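Close look at the chain arrangement
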Amino acid sequence: MKWIKRIGLLFVAIVMVAILAIVAFALTFDPNDYKPQIAAQVEKQTGRSIQFNGDLSVTLFPWLGAATEDVVLSNAEGFEPESMIEVKRLEAQAALLPLLRGEFEIGTLRLEDAKIHLTRLENGRSNWDDLLERSAESTKASASESDTVEPQDGDGPALRLTVGGVDIRNAALHWRDEQADQQLTIDGLHLTTGALADGAPTDIELVSGFRLAMPDMPVLNGSVDLNTQAQVWLDRQDILFDDLALNVVASHDEGAEAGLPERIEAMLQVEKADLRLAKSQARLDGAVLDLDGKGVGPLTYLESRLDIVLEADWAIGRYELPRLSLDADLKGLPNVGETVQVASSAALSADLQAGTATINDLTLSSEPIEATGRLDVSGLDSGELAASGPMKIAAFDPRELADRLGMTVPEMRSDEALHQFELTSQVDVTPSRAMLTDLRVTLDGQELTGRAGIDNIETGRLFARLQGGDFDVNPYLAPTAGGDKDANELSAGSGGSAQSQTVAKNAEIELPVETLRGLNLDTRLQLDSLGYEDYRLSSPVVHVTAAGGQLQLAELTASVFGGSIDANGALDVRGEVPSYAGKSRVQGVSLQPLLTAVMEEDRLLGKGDVSFDVTTQGKRVDQLKSGLDGTAGFSLRDGKVKGFDIGYLLRRAQARLEGKTEPEPEQLSTDFTAITGTAAIRNGVLRNDDLAGSSPLLRVAGEGEVDLPREQVDYGLTVTVVNTATGQGGKDLERLKQVPVPIRINGAFSDPSISLDLESLVREAAKGEAKKRVEEEIDKRLKDKGGDAVKDLIKGFGL
């Protein structure tokens, strides 16, 4: 039995020695003596040098842990700065006794004052590429070794991992992307968590600041604040977030001219976010994004809220948003004093594998407007995006909308004008166009149909083809002035401000040149009829195009005033001085209503054809007049010229020849059967050499000039009485029959002088009288058959 006792004493002694040895080792072990070996091992694994500028410390019981200070990991070769990672203090520890039970319990991981520098060069190489390459090689080697080891049953349960928490204080990350010329700095980062265990909830808090610099943008400074409770199941690869709150604030100091909001704050709140990574699925419930901005475009302030429910299965590319709503308050719109509220909602379903999506129950409202619709989207997989579906804007009062937007509606003739607007259409969007087809627009009960939109997205051309029925613009015209002006007032207004008229002529025409140069459009409108004032245009068509500073009135046609109008024109603003062109053919129109509508001139009656083809250029009215070139022609018939009485002029001339006087009639007018002529226009001067007019009483020929820049006329008429039996006092003009009567019109447009050349008239009258007497004498003496031949011979000598 003694040997058993001795063996027992020996065992106790060995244990005591072992304990004393362990205690002695713990008391005498200094990990700092192994810094070179640790640094060499790190360099072997990473290819990077590591410096331990502070002390290393180790604990054995009850926690097996280590701590170090002032650690620096070098950067990759060719990168700056010299260090990639700098850590002021790093601390990690694990409980010793739980390891014996198959549990791996780690205490709080602490990281203080860490700095990380990440860089990508212009050639695309980054300063962590070498670490990834070495890690991949190590993983491949480990996998090869594991393939040679046969698996064994009964290895026991896997270790259970528990982490007491993470505590990161005052960390910083600097990212520099030379390829994209971007820099991002995250500083003052604080991250704390509760205990981290599989399936156990833990609180997470993160706070940091950031600074973002990008090309052609102001530098953004801001902060990030995150709070949530999370649960992680490692075996299932599930993550559950409860009551997630994320707040991001960003601002810059370069003012509104920078093109970005001066300050913006985004607040995301999620009741529950369930991420199932192994199944590639996710669901968000009660996700609300509040976005507040200062200086957002023209707005002084923007406040919005986005409410989302999301179901996602990204493995098969399916996404469902059964609820998507947006509410926004817009403050500071131009000329709008109050806040404008906008609301939108929809349900969205997307299948990325098929490349399709559907937006159902789409609504957009802002009092008094409410729009609804549905969109079917395709091409999400190919990038050839297309969308189609119905859209409707419910009937609303445009005047109410203008009032809400702080806009003043011009006064109109009818109080019922501009009170109802409605639109329905089909949306048609492809990579090359964005159109509204089957378009139906209703304005105060008047309807237009057709299509409109951008038919060429690459060039941005606006395109419209619209048709309508009977349209009346009178309700939308400015009210007419009440009562007639006093004659003295009219006289003072027309003749008492010559200086102001000169100023008006020389005033520059203010064209929105830059806007016109930027126009790119092709629009055509066709109506059954158009009511304007007391006139009705049948089948009017207007076709306008614009591109590159060239505007074309490609078509302007209508049946009006008993005839037809066919015109086109052009405006070219590409150069410093705008140029104009116009061409028109008017056929069979009633002259008086046409001239009254166009020029407020009612002195010419009858039917007529008028044509012109002219060009001009200039910045002022006087320049347009002096630059006018082209041709014109007219053919008038069965009419009357009021205010000008050739018959009276002739009777007055005959009375003078007879030493008498002729009283002026109450109304001056000249009837005509036909008047024709052409004109050549050069530098604003119209030259006519072939005026021909006729009536039952008269024949008229004329030639002369009309000087538009100087507003002067110099024109000569030759009037011949051909029939004294009919028309305008013809019986009183027997003495002037077949006598050419010269009439001169000259002077200013405002007060032309109309006069007879009495000397020529007397000479021609005397000549005519002598001729008449000779013919009568010849008729008496020549009674034989050859009398007519002799008479003709005498006439050949001018008798």
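1. Overview of the overall build of the protein
When its secondary structure is counted, the protein shows 13 helices and 37 strands. Looking at the protein as a whole, 30% of its 799 residues are labelled buried. Residue pairs at least 24 apart in sequence account for 49% of intrachain contacts in the protein once pairs closer than 6 positions are excluded. As displayed, the protein offers around 47500 Å² of accessible surface, 55% of which is attributable to carbon and sulfur atoms.

2. Considering the pattern of salt bridges
Throughout the structure, instances matching the rule amount to 36 salt bridges. Residue Lys-619 is joined to Glu-576 by a salt bridge in which the shortest nitrogen-to-oxygen separation is 3.0 Å. In this pair, Lys-619 is assigned in the loop between strand 30 (604-617) and helix 10 (621-626) and Glu-576 in the loop between strand 28 (563-572) and strand 29 (579-590), connecting sequence segments 43 residues apart. By relative accessible area, Lys-619 is classed as partly exposed at 27%. A cluster of three or more residues bridged by salt bridges with shared partners is formed by Glu-69, Arg-89, Glu-91, Arg-110, Glu-112, Asp-167 and Arg-169.

3. Some points on the confidence of the model for the protein
Mean pLDDT over the protein: 82, with 78% of residues reaching 70 or higher. Considering only residues more than four positions removed or in separate chains, one finds that residues 1-23, a stretch of pLDDT under 50, has zero contacts. Across residues 725-731 the pLDDT falls below 50, and counting only partners more than four positions away or on other chains, this stretch makes 14 contacts in the model.

4. Some details on the nonpolar core
Grouped together as the largest cluster of nonpolar side chains are 29 residues, with contacts concentrated most on Ile-646, Leu-650, Leu-698, Leu-717 and Val-719. Of all the elements in the fold, those that place two or more residues in this core are strand 29, helix 9 (591-599), helix 11 (646-657), strand 32 (669-682), strand 34 (698-707), strand 35 (712-721) and strand 36 (740-748). Here the element with the most residues in this core is strand 35; it accounts for five residues. If sequence neighbours within four positions are ignored, Leu-698 has contacts with Ile-646, Leu-650, Gly-693, Val-719, Thr-720, Val-721 and Val-722. Ranked by size, the runner-up nonpolar core spans 21 residues in total, among them Ala-114, Val-224, Leu-244 and Val-270.

5. Observations regarding a nonpolar patch on the surface
Taken together, the side chains of Leu-352, Leu-380 and Leu-385 make up a nonpolar region of the molecular surface, amounting to roughly 240 Å² of accessible area. Assignment of secondary structure puts Leu-385 in the loop between strand 19 (369-378) and strand 20 (386-396). In this structure Leu-385 comes out as partly exposed when scored by relative accessible area, which is 43%.

6. Brief notes about the side chain of Asn-127
As for its placement among the helices and strands, Asn-127 is situated in the loop between strand 6 (115-120) and helix 4 (129-147). Of note is the side chain of Asn-127, whose polar atom sits 2.8 Å from the backbone oxygen of His-117. Residue contacts for Asn-127: discarding those within four places in its chain leaves Arg-48, Asn-75, Ala-76, Phe-79, Met-84, His-117, Leu-118 and Thr-119.

7. Observations concerning the packing of aromatic side chains
In this structure the tally under the stated criterion is three aromatic pairs. When the centroid spacing of 6.0 Å and the interplanar angle of 50 degrees are considered together, the rings of Trp-128 and Trp-175 count as tilted. Linking Trp-128 in the loop between strand 6 and helix 4 with Trp-175 in strand 7 (residues 160-177), this pair joins segments that are 47 residues apart in sequence. The exposure class of Trp-128 is partly exposed, given its relative accessible area of 27%. Note on Tyr-535 and Phe-561: the rings are 5.1 Å apart at their centroids and 75 degrees apart in plane angle, and the pair reads as edge-to-face. Here Tyr-535 is found in strand 26 (residues 535-547), whereas its partner Phe-561 is found in the loop between strand 27 (550-560) and strand 28, with 26 residues between them in sequence. It is Arg-236 that lies over the ring of Trp-233; its NZ or CZ is 4.7 Å from the centre.

8. Overview of helix 9
In an α-helix, one turn spans 3.6 residues, which is why side chains three or four residues apart end up on the same side. Regarding helix 9, the residues found buried are Leu-591, Leu-594 and Leu-595. The arc that holds every buried residue of helix 9, seen down its axis, measures 90 degrees, which confines them to one face. Those residues of helix 9 that are buried lie in contact with strand 28, strand 29, strand 30 and strand 31 (629-642). Once helix 9 finishes, Glu-600 follows within two positions and takes phi at roughly 55 degrees, a positive value.

9. A closer look at the pairing of strand 17 (residues 340-351)
Summarising the sheet, strand 16 (residues 318-331) and strand 17 pair through 11 bridges and their orientation is antiparallel. Note on strand 17: the bridge partner recorded for Ser-325 is Ser-345. Pairing geometry for strand 17 and strand 18 (residues 356-366), over eight bridges, is antiparallel. Pairing of Ala-350 across the sheet is with Ala-357, part of strand 18. Where strand 17 hands over to strand 18, the hairpin turn is made up of four residues, of which Gly-355 adopts a positive phi near 75 degrees.

10. Let's talk about helix 2 (residues 35-46)
In this model, helix 2 (12 residues) spans 16 Å end to end at C-alpha, consistent with the 16 Å of a helix rising 1.5 Å per residue. Every buried residue belonging to helix 2 is among Lys-35, Ala-39 and Thr-46, and all of these are buried. On an axial view of helix 2, the arc spanned by its buried residues comes to 45 degrees, and they lie on one face. Among the exposed residues of helix 2, those pointing more than 90 degrees away from its buried face are Pro-36 and Lys-44. Once helix 2 ends, the next one or two residues include Gly-47, with phi positive near 75 degrees.

11. Examining the environment of Gly-608
Following the sequence through the fold, Gly-608 ends up in strand 30. Take Gly-608: its relative accessible area is 0%, and that puts it in the buried class. Separated by 28 residues in sequence, Gly-608 and Leu-636 place their C-alpha atoms 4.1 Å apart.

12. A few points about unusual backbone geometry
Here Glu-80 and Pro-81 are connected by a cis peptide whose omega angle stands at -5 degrees. Looking at where Pro-81 falls in the secondary structure, it is placed in the loop between strand 3 (63-74) and strand 4 (83-95). One non-glycine residue, Asp-181, lies in the positive phi region at around 55 degrees. Given the relative accessible area of 54%, Asp-181 is considered exposed. Even without glycine at this site, Asp-216 takes up a positive phi of about 60 degrees. Topologically, Asp-216 is positioned in the loop between strand 10 (202-213) and strand 11 (220-233). Residue Asp-216 is classed as exposed on the basis of its relative accessible area, which comes to 83%.

13. Some points on the environment of Thr-661
On the secondary structure map, Thr-661 appears in the loop between helix 11 and strand 32. A relative accessible area of 74% places Thr-661 in the exposed class. Sequence separation between Thr-661 and Arg-651 is 10 residues; the distance between their C-alpha atoms is 8.9 Å.

14. Some remarks on the pairing of strand 13 (residues 263-276)
The side chains of a regular strand alternate, first on one face of the sheet and then on the other. Pairing analysis gives 13 bridges linking strand 12 (residues 238-251) to strand 13, with the strands arranged antiparallel. Across the sheet, Ser-251 pairs through a bridge with Arg-263, a residue of strand 13. As defined by bridge partners, strand 13 adjoins strand 14 (residues 281-294) across 13 bridges and the pair is classed as antiparallel. The residue of strand 14 that forms the bridge with Asp-274 is Arg-283.

15. Things to note about the environment of Asp-444
Its location among the elements puts Asp-444 in the loop between strand 22 (433-443) and strand 23 (446-456). Among the residues examined, Asp-444 registers a relative accessible area of 23% and is labelled partly exposed. Once residues lying within four places of it in the same chain are set aside, the contact partners of Asp-444 are Glu-416, Ala-417, Leu-418, His-419, Gln-420 and Tyr-476. At 2.7 Å, the side chain of Asp-444 and the side chain of Tyr-476 are in polar contact.

16. A closer look at the side chain of Thr-228
Mapped onto the elements of the fold, Thr-228 is located in strand 11. Within the structure, Thr-228 has its side chain in polar contact with the backbone oxygen of Asp-242 (distance 3.1 Å). Not counting residues within four places of it along the chain, the set of residues in contact with Thr-228 comprises Thr-202, Asp-203, Ile-204, Phe-241, Asp-242, Asp-243 and Leu-244.

Calculation rules
Residues numbered from 1 in each chain as written. Predicted model: local features only at pLDDT ≥ 70, side-chain atom pairs only at ≥ 80, totals over all residues. Heavy atoms only, no water. Helix = DSSP H or I, 4+ residues; strand = E, 2+ residues; numbered from the N terminus. Buried < 20%, exposed > 50% of the residue type's maximum accessible area, 1.4 Å probe, protein only. Contact = heavy atoms within 4.5 Å. Areas by Shrake-Rupley, 256 points an atom, 1.4 Å probe, with all protein chains shown as cover. Salt bridge = Lys/Arg side-chain N within 4 Å of Asp/Glu carboxyl O. pLDDT = per-residue confidence, 0-100. Core = buried A, V, L, I, M, F, W, Y, C linked by side-chain atoms within 4.5 Å. Patch = residues over 30% accessible without salt bridge, like charges linked within 9 Å, V, L, I, M, F, W, Y side chains within 5 Å. Polar contact = N/O pair within 3.5 Å; in protein donor to acceptor, adjacent residues only side chain to side chain. Phe/Tyr/Trp six-rings, centres within 6.5 Å; stacked < 30°, edge-to-face > 60°. Lys NZ or Arg CZ within 6 Å of the ring centre and 35° of its normal. Arc of directions from axis to C-beta. Pairing = 2+ DSSP bridges. Expected span 1.5 Å × (residues − 1).

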